[in-house]
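Given next are the chains, with one letter for each unit.
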Amino acid sequence: MSIPNHILEQLNSQADLISIIGRHTTLKRAGSEYKGCCPFHGEKSPSFYVNPQKNIYHCFGCSVGGNAISFLRDYENLTFIEAVNELSKQTGIEVPKEEQQNVSYQRSKKQPTVKPIIATTQTPKKHSNAEQVAADTPSGHVQPHYKDSNYNNSNSYENYPPLESYDSIPYMADDYGSDAYNTEYQADNGYPPSWLIASGDNTPVHDMSGNADKDGNLYELLEQIQQFYQHNLTIHPHAKHYFLSRGITEDIFETFGLGYAPFGWQHLEHQFPQDIEGLKALGLVRKSESGRDYDLLRDRVIFPIRDNQGRTIGFGGRALDDEVKPKYINSSDSPVFHKQHVLYGYYESRQKRANDWLVVEGYMDVIALYQAGIYGAIASMGTAINESQISRLLTLNPTLTLSFDGDSAGQKAAWRTLELALPVLADDKELRFLTLPNNHDPDTFIKSNGADAMREQIANAMPLSQYIFAYLSERYDLTLVEGKAKLMSQVRALTTALPKGSSFRYLLNNDIYQKLGGKRNQNKDAKDALLDFDGEMTISQQLQLCFVFQPRALIDDPIESIWQQAGINELHLPAHLKQRASVDIMRPLAWEDMQDGALLDVVSTIKRCLNHLPKDANAAAHFILSNVKPLTQETLSRDWGSFYKALTSRNILSLDGLVEELVSQLIERHIRKKIQDLIKNPDNIKLAIVRKQSQLLNDWLRAQQAEQSAQMATVKS
């Protein structure tokens, strides 16, 4: 069986070589490569290197080297066909069954060239209705029908002007909307206007597509088409204006090969008359129901799609008018283009040695990020990114960020990607999720906020564990036990897809379980958010913001609650101590004892206003802030906005556990200070009582921790 070289190239470039070799030796990241002990010969010092960018390996000890196919043949003793079939299964790239399927195609014979019609000032002859009849075109519009005698003569495909003809024609932006232009194009018949093909020396139209005596090559044809589209961008101001209006600079035009597919139904056939078979193989020329050929991409800006080697393998076309549907069209799958295995922007990012990879939704997002100096953004070809692509990106960097729109469709796409990624999400890999604020996508966000703000957003993307809980908590009523059970059931089902032996499976189940049922630790995310927000804040300042965010936490006084749960209020003392103890030392702890004016101000204000607070958390907070003392208000107002955003962005449901933890720390600190004061100013009776209180508090805290550990142990992986 003969397998085309381009299929072998695709298999080797898309294979997860790190995972394949990692089954036989331990590989560790070493800069942009991986290294380990050579599996082909015994060695103590690693001299075996794998380059995931080029997808090749080499040992500097025994000089063995190669690609994925060679490794499967030489180490796993597979035959060539077995190795190819194995990589086909792993990558999803189908190996053609027909031996002759390759990138070649038969070119048409070159027809004698006919001199183009010279533009004259003579008034064109009007055709009768019988001579020009409306016929159905591929898009349902009416297109003129030409008599065979005219169609095969001067208006034939052979008379389409050569590419260099465009350079000699003055094309003014002001003329674009002129009546002359509209008159020439009003039929939209795909033929060049007379002013474009006219030349003083009657130069014939040239064959722009190469030597007619040789078979065509799809890669070479695609490169010529890309140059044709790119040149068209320079001579059609309205198309160029589209990119400029989107903030794209002209140097990026060249980097990404951006272009424009002009008006007309057969412009590719005109330009490449000997390559019709190749154009059809690429899906760029199609046949309508009426039997006429037409170009897939018309009056659209063009995004060339490149493979891992930088070769053009397809095109994406975007309508200039947002009302045109579909807005985006990708060229069809072909012998060289398989949508499900290609990532737009991957080649360009590799050229910049990108390290951090970001999956986005649109081509313009990729380009905007690249232009802003944020390399590593890629987009799929209108289909969901697949497992093998995710695995490859995680090989290049163990952390992969997904940026999807915040609307329903975007979040569904993010969730589908999450499900696809789980089987390849080993414990050393991490998936993060980025939803930009105010319905922005990366392109619009960068324009509004700049590149540094975008980098900050990427750095603060939500971890997988938080995203799962945030996504599911919006879909189930967590005030009901039934809602919590449904959420937990879905989490368990998700985690079964994780790799065998995954520690993350156990930890994720425990984490979600604690969020749903464990009182002390259900707000671990809230604590993390608080520390991330400002790690230098004191316990008192953190607690003040928590009370402002959740004033209902003071309905049952937290100090009294802890005092009672620890049994300090029922402290049993020996008779001789009880008789000599003062009333003051035996009373319950109060907020006044903390000797913290700002904290006492916040607590007193909330208790006084509790029955009058609005239901909305942010509105209630501003009500509280307007009633505290000016100094307290100034301090809290400075941090409130960011604190509120930090919690709401993580979908924090409750701060009960965090409040209890912070209050416990304040009580511990107060008791320690009291003991130190009593040691400096000895009072043996008071010291004995306070130490007993401290012991009861510590015993209670240890019991809480033990209960938490027991609950976690009940959650099975």
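In short, a report on the structure. Everything numeric here is computed off the predicted structure, so don't read it as measured data.

This part covers the packing of helix α24 (residues 558–565) against helix α30 (residues 656–680). At a closest axis distance of 10 Å, the pairing of α24 and α30 adopts a crossing angle of 75 degrees. One finds that α24 runs roughly perpendicular with respect to α30. Packed against α24, whose contacting residues are Pro558, Ile559, Ile562, Trp563 and Gln565, the element α30 presents Val659, Glu660, Val663, Ser664 and Ile667 at the interface. Taken together, the residues that form the contact of α24 with α30 break down as seven nonpolar, two polar and one charged.

Read from one edge of the open sheet, five strands run β17-β16-β18-β19-β20, paired in mixed fashion. The sheet is open, and its two edges are formed by β17 (377–379) and β20 (462–463), each paired on a single side. Of the strand pairs in this sheet, strand β18 (residues 399–403) and strand β19 (residues 430–434) are connected by five bridges, and their pairing is parallel. Within β19, the position partnered with threonine 399 by the bridge is glutamate 430.

Let us look at the sheet that holds strand β13 (residues 300–306). Across the sheet, which stays open at both edges, the four strands sit in the order β10-β13-β14-β15 with antiparallel pairing between neighbours. Strands with a single pairing partner mark the edges of an open sheet, and in this sheet they are β10 (259–261) and β15 (328–330). Taking the axes of each pair of neighbouring strands and ignoring which way they run, one obtains an average angle of 35 degrees across the sheet. The sheet contacts of helix α8 (residues 218–235) involve β10, β13 and β14 (312–319), and relative to β14 the element is tilted by about 30 degrees.

A complete count under the given rule lists 18 salt bridges for this structure. Two residues, glutamate 250 and lysine 240, come together in a salt bridge whose shortest N-O distance is 3.3 Å. With glutamate 250 in helix α10 (residues 250–256) and lysine 240 in helix α9 (residues 237–245), this residue pair connects regions lying 10 residues apart in the sequence. Since its relative accessible area comes to 46%, glutamate 250 is described here as partly exposed. A salt bridge links aspartate 557 to lysine 607, with the nearest nitrogen and oxygen atoms 2.6 Å apart. Here lysine 607 lies in helix α27 (residues 597–609) and aspartate 557 lies in the loop between α23 (539–549) and α24, a separation of 50 residues in the sequence. A residue is classified by how much of its surface remains accessible, and aspartate 557, at 10% relative accessible area, is buried. Classification of lysine 607 by relative accessible area gives partly exposed; the value is 39%. Within the structure, one salt-bridge network assembled from shared partners comprises Glu9, Asp307 and Arg311.

A separate point is the environment of serine 654. Residue position: serine 654 is located in the loop between α29 (630–649) and α30. For the pair serine 654 and alanine 553, spaced 101 residues apart in sequence, the C-alpha to C-alpha distance is 9.5 Å.

Here we come to helix α1 (residues 5–14). Counting buried residues in α1 gives eight out of 10 residues, a clear majority hidden from the surface. Burial in α1 covers these residues: His6, Ile7, Leu8, Gln10, Leu11, Asn12, Ser13 and Gln14. Tucked into the core, α1 has its buried residues touching α3 (68–74), α4 (80–91), α8 and α15 (387–396).

Calculation rules
Throughout this document, residue positions are counted from 1 along each chain, in the order its sequence is written. Where totals are concerned, whole chains, interfaces and linings use all residues; where local detail is concerned, this predicted model gives features only for residues with pLDDT of at least 70, and gives and counts side-chain atom pairs only at 80 or more. Hydrogens and water are ignored here; the side-chain numbers use all heavy atoms of the structure. Working convention: axes come from line fits to C-alpha atoms, limited for helices to the stretch in contact. Angles between N-to-C directions cover 0 to 180 degrees. Runs of E in the DSSP output that reach at least two residues are strands. Runs of H or I that reach at least four are helices, and both are numbered from the N terminus. Should an angle fall under 35 degrees it is called roughly parallel, over 145 degrees roughly antiparallel, and 65 to 115 degrees roughly perpendicular, with every other angle called oblique. Residue contacts are counted whenever heavy atoms from the two residues lie within 4.5 Å of one another. Residue polarity is assigned by list, with Asp, Glu, Lys and Arg as charged and Ala, Val, Leu, Ile, Met, Phe, Trp, Tyr, Cys and Pro as nonpolar; anything else, Gly included, falls into the polar class. At least two bridges found by DSSP between two strands is the condition for calling them paired. One speaks of a salt bridge when a side-chain nitrogen belonging to Lys or Arg is within 4 Å of a carboxyl oxygen belonging to Asp or Glu. With a 1.4 Å probe rolled over the protein chains alone, any residue whose accessible area is under 20% of its type maximum counts as buried; one over 50% counts as exposed, and the rest are partly exposed.

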